[in-house]
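So you can see what is in the structure, the chains are spelled out below.
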Amino acid sequence: MSDRPPDEPQGDDFDGFDDPDEFSDVPLDEHESQLVEQDLTDLADFEAAFRPEGYRGVAVWCQDCAEEHYYPWDMLRENLTLLLDTGETPVHEPAFAPEPSRYVPWDYARGYVDALRDSGVGDRIAVDACTQCGLTLPEEFRSANFCPRCGVALVMERLRAALDKAGLGEDAIAEVLRATGFATR
Ligand SMILES: [Zn+2]
Ligand SMILES: [Zn+2]
């Protein structure tokens, strides 16, 4: 919420957005464009991670207004796209009567998504089924550590698949699993 008229030129102030030039509604230079493109990429990552959890958008600290602004996903994407295309600075009119708890703080989202990337979840071999209880694993559990039904560690199945992929034969795989204490049969 700003007490200034909405059409007054605004400074850049999305702290954490690194966004561009103070007073211009002129096209961005190459460096500025890259920063905004990065913001758009980040936003897409955040949305993928947090929208399924019920979050409606992001909270961004605004230095100009000295308060948090709440942006629904689509609104911020449109703002950033406009900024990229025309150099027009994003509006300071955030969501109407937002519920703050449903907006994830930008910096928090950044750290969360980075941590997720570091943990290598996306690099794991997907496990289709639990060999312990026979459950066909739902999509969202294929990278999980444990079977959601019987609780057995899925890491053994993943290791088995990885060894297979690495070209070890059936016998060698069984050997390794036994030697590492995974195999029980
Ligand atoms: Zn503001
Ligand atoms: Zn199971």
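Residues numbered from 1 in each chain as written. Chains lettered and ligands numbered in written order. Predicted model: local features only at pLDDT ≥ 70, side-chain atom pairs only at ≥ 80, totals over all residues.

Student: Lay out the overall build of the protein in plain terms, naming residues and giving numbers.
Tutor: The helix and strand inventory of the protein stands at five helices and three strands. Going from the N terminus to the C terminus, the protein shows its helices and strands as α-β-β-α-β-α-α-α. Within the protein, the proportion of its 185 residues that are buried is 18%. When contacts within the protein are restricted to residue pairs at least 6 apart in sequence, those whose partners lie at least 24 apart make up 53%. (Helix = DSSP H or I, 4+ residues; strand = E, 2+ residues; numbered from the N terminus. Buried ≥ 20, exposed ≤ 12 C-beta atoms within 10 Å, placed from the backbone. Contact = placed C-beta atoms within 7 Å.)

Student: An account of unusual backbone geometry is needed here, citing residue identities and associated values.
Tutor: One non-glycine residue, A66, lies in the positive phi region at around 50 degrees. The class for A66 is exposed, based on 8 C-beta atoms found within 10 Å.

Student: Just give me the short version of the packing of helix α1 (residues 30-50) against helix α3 (residues 106-118), but keep the residues and values in it.
Tutor: Look at α1 against α3: their axes get within 10 Å of each other, and the N-to-C directions meet at 80 degrees. Taken as axis vectors, α1 and α3 run roughly perpendicular relative to one another. Contact with α1, carried on its side by D42, D45, F46, A49 and F50, involves A109, R110, Y112, V113 and L116 of α3 and no other residues of that element. Here the contact of α1 with α3 is composed, by residue class, of seven nonpolar, no polar and three charged. (Axes fitted to C-alpha atoms, helices over the stretch in contact; angles between N-to-C directions. Parallel < 35°, antiparallel > 145°, perpendicular 65-115°, else oblique. Nonpolar A, V, L, I, M, F, W, Y, C, P; charged D, E, K, R; others polar.)

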